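Spelled out, the chains give:
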Amino acid sequence: MKKENIAIIGTGYVGLVTGVCFSQAGHNVTCIDKDQAKINKLKKGIVPIYEPGLDEMVKKNFKEKRLFFSTRLEKAVANAKVVFVAVGTPSSRRGDGYADLSYVYEVAKEIAPLINNYKVIVNKSTVPVGTADEVKRIILEKNPKAVFDMASNPEFLKEGAAIEDFMKPDRIVVGASTNKAHKLLKDIYEPIISEAKKELKDKAAFFTTDIKSAELIKYASNSFLAVKISFINEISNLCEQLKANIDDVAKGMGLDKRIAPYFLKPGPGYGGSCFPKDVSALLRIAQENETALRILESVVEVNIAQKARMIKKIKTGAKVNRKAKTFLFLGLTFKPETDDMRDSSAITIIPALIEKGHKVIAHDPKGIKEAKKILPKETIFIDKEEEIYSASKKAQAVVLLTEWDLY
Ligand code: NAD
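Residues numbered from 1 in each chain as written. Predicted model: local features only at pLDDT ≥ 70, side-chain atom pairs only at ≥ 80, totals over all residues. Heavy atoms only, no water.

Undergrad: It is not clear to me how the sheet that holds strand β9 (residues 326-330) should be interpreted in this structure. Could you clarify?
TA: Hydrogen bonds along the backbone pair up the strands of a sheet, which may run parallel or antiparallel. The parallel open sheet is built from four strands, whose spatial order is β11-β10-β9-β12. Each edge of the open sheet is held by one strand with a lone partner, namely β11 (380-381) and β12 (397-400). Examined bridge by bridge, β9 and strand β10 (residues 359-363) share five bridges and lie parallel to one another. When the sheet's bridge partners are listed, L328 is paired in β10 with I361. Against the sheet, helix α13 (residues 346-355) engages β9 and β10, with an angle of about 170 degrees to β9. Along the sheet, helix α15 (residues 387-394) makes contact with β9, β10 and β12, crossing β9 at roughly 150 degrees. (Pairing = 2+ DSSP bridges. Helix = DSSP H or I, 4+ residues; strand = E, 2+ residues; numbered from the N terminus. Contact = heavy atoms within 4.5 Å. Axes fitted to C-alpha atoms, helices over the stretch in contact; angles between N-to-C directions.)

Undergrad: Sorry, what's going on with unusual backbone geometry here?
TA: Comment: phi is negative for the bulk of residues other than glycine, and the bulk of peptide bonds are trans. Positive phi, normally seen in glycine, also occurs at K65, with a value near 60 degrees. Residue K65 is classed as exposed on the basis of its relative accessible area, which comes to 59%. One non-glycine residue, D343, lies in the positive phi region at around 55 degrees. Take D343: it is sitting in the loop between β9 and α13. Accessibility expressed as a relative area gives 42% for D343, which makes it partly exposed. (Buried < 20%, exposed > 50% of the residue type's maximum accessible area, 1.4 Å probe, protein only.)

Undergrad: I'm lost on helix α3 (residues 54-63) in this one. Help?
TA: Think of an α-helix as 3.6 residues a turn; residues three or four steps apart then line up on the same face. Within the sequence span of α3, burial applies to L54, M57, V58 and N61. Around the axis of α3, the buried residues are gathered within 100 degrees of arc, so they sit on the same side. Exposed positions of α3 whose direction lies more than 90 degrees from the buried face are E56 and K63. Here the buried face of α3 lies against α1 (13-24), α2 (36-43), β3 (67-70) and α7 (162-167). Just downstream of α3, K65 is the residue with a positive phi angle, here 60 degrees. (Arc of directions from axis to C-beta.)

Undergrad: In this structure, what is going on with the pairing of strand β1 (residues 5-9)? I would like to understand it.
TA: Sheet faces and side chains relate simply in a regular strand, where the side chains alternate between the two faces. Taking burial as the measure, the five residues of β1 include four buried ones, the bulk of the element. When β1 meets strand β2 (residues 28-32), the two strands line up parallel, connected through five bridges. By the bridge assignment, I6 is partnered in β2 with V29. Once you follow β1 into α1 and on to β2, the crossover reads as right-handed. Sheet topology note: the β1/strand β4 (residues 82-85) ladder contains four bridges and is parallel. Its bridge partner lying in β4, I8 is registered against F84. (Right-handed = clockwise from strand over helix to strand, strands pointing away.)

Undergrad: Help me understand the packing of aromatic side chains in this model?
TA: Each aromatic ring pair is characterised by the separation of its centres together with the angle its planes make. Going through the model one piece at a time under the given rule, you end up with eight aromatic pairs. Each ring, one from F22 and one from F166, has its centre 5.5 Å from the other, and the planes form 85 degrees; the classification is edge-to-face. Of this pair, F22 sits in helix α1 while F166 is found in helix α7, placing the two residues 144 residues apart along the sequence. Of the two residues, F22 and F166, neither departs from the other in class, the shared state being buried. Connected via pairs of aromatic rings, a cluster forms that spans F22, F84, F166, Y189 and F206. The side chain of R171 reaches across the aromatic face of F156, ending 3.6 Å from its centre. (Phe/Tyr/Trp six-rings, centres within 6.5 Å; stacked < 30°, edge-to-face > 60°. Lys NZ or Arg CZ within 6 Å of the ring centre and 35° of its normal.)

Undergrad: Please clarify how the site of the ligand should be interpreted in this entry.
TA: Close to the ligand lie 26 residues, the nearest being D33, K38, T89, E159 and K277. T126 places a main-chain nitrogen or oxygen 2.9 Å from an oxygen atom of the ligand. K277 is positioned with one of its side-chain polar atoms (N or O) 2.6 Å from an oxygen atom of the ligand. Against a free-state accessible area of 830 Å², the protein chains account for coverage of 90% of the ligand. Only α1 and α5 (102-111) provide two or more residues apiece to the shell around the ligand. (Near = heavy atom within 4 Å. Polar contact = N/O pair within 3.5 Å; in protein donor to acceptor, adjacent residues only side chain to side chain. Areas by Shrake-Rupley, 256 points an atom, 1.4 Å probe, with all protein chains shown as cover.)

Undergrad: Would you mind going over the sheet that holds β2 with me for this structure?
TA: What the eight strands build is an open sheet, ordered β3-β2-β1-β4-β5-β6-β7-β8; its pairing is mixed. Each edge of the sheet is formed by a strand with only one pairing partner; in this case those strands are β3 and β8 (205-209). The sheet shows a mean angle of 25 degrees between the axes of neighbouring strands, taken without regard to direction. In this structure, strand β7 (residues 171-176) lies alongside β8, joined through five bridges in parallel fashion. From the neighbouring strand, R171 faces β8, where its bridge partner is A205.

Any functional reading would require information beyond the geometric quantities listed.
Shown next as structure tokens:
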């Protein structure tokens, strides 16, 4: 295996996991972030997010001097053969559903003067089709002599199982316009591909394509999963009316290999840092390109309705009439095994109850710190596991919102 120097710009859930896993695979990796506090913590071996297995791997690779952290781009980018961009691409603040690409373009401007020899600049952030072209244009505008290839390498990890997903991926998708870039990316992934293949023979397909197709694969994949979730939520609502058993219906469906059992669990609607924004962004891409994505339009409506349905259900279950009630919420993060609160259903449901004068006591094994920043100040947080039972005695209803094993 050839060791490469890799720079990762953006040290969040994706950037940090990518950096740690490449260093574990033997490469020299520098993770860069403009958030000084985050980098200071990482340099002290404190991992700023919760992700199973991440802590030990960060400490190990940092100690063995394959993994470095910095707020400065200069040295890391100049020395790197491959530069990954893994900054956030949230929904635009205008609320129109477009992806906000300002962080990606800012990075393009910052790295342009640092491209001193051939490099591959890789978008790992989830970005609309055409973003790589725009990044290339920005770089060349700032540094016409820069020699580089653009590539798109979307990330498919799931928070809560991010290390496992990165080290044993179902597939690695790489879009590039030259064989040289495809080969370089294949080479840096080689230790991961061969390790994964030992255990899971048919796994870890390295799939190469053009840049635009790679960019679209990510949005199309997340949107398809959102379709599956909304579909099973509606079937679940129908089961309630018919007094059929949704768990059995989902299991019976999932036994069909063409359908598969994944993402067939009914719940309060999808949330998290990716699905809502990615579905919206794909709808905008389609709209701009005058192509209807009618199924996806319905998915958004179904998801909003599902959250409203949950609020109604919780109120009905707790026999809310005019009297204010106390609710105990177990689980606040958008799914178990993460501290990520972005677009969690707790953010819709808890304020709706507090607004009507109800009391909410809330617990989460890892998400309390983030939840305190986001949920209404009237929310009563309990930090200790031992307090759950006494809190449940004060409550008229217990809402199990996130299926942490603890509960
Ligand atoms: P995040 O918000 O956790 O991390 C982004 C980081 O980038 C932040 O730490 C921020 O400070 C840093 N940053 C922003 N501008 C910077 C700059 N100019 N220089 C250096 N650092 C900068 O985001 P995330 O969840 O890791 O997501 C990153 C991308 O990956 C997004 O496009 C997202 O859609 C995609 N993605 C996320 C997941 C997931 O599960 N979180 C999975 C697959 C893909």
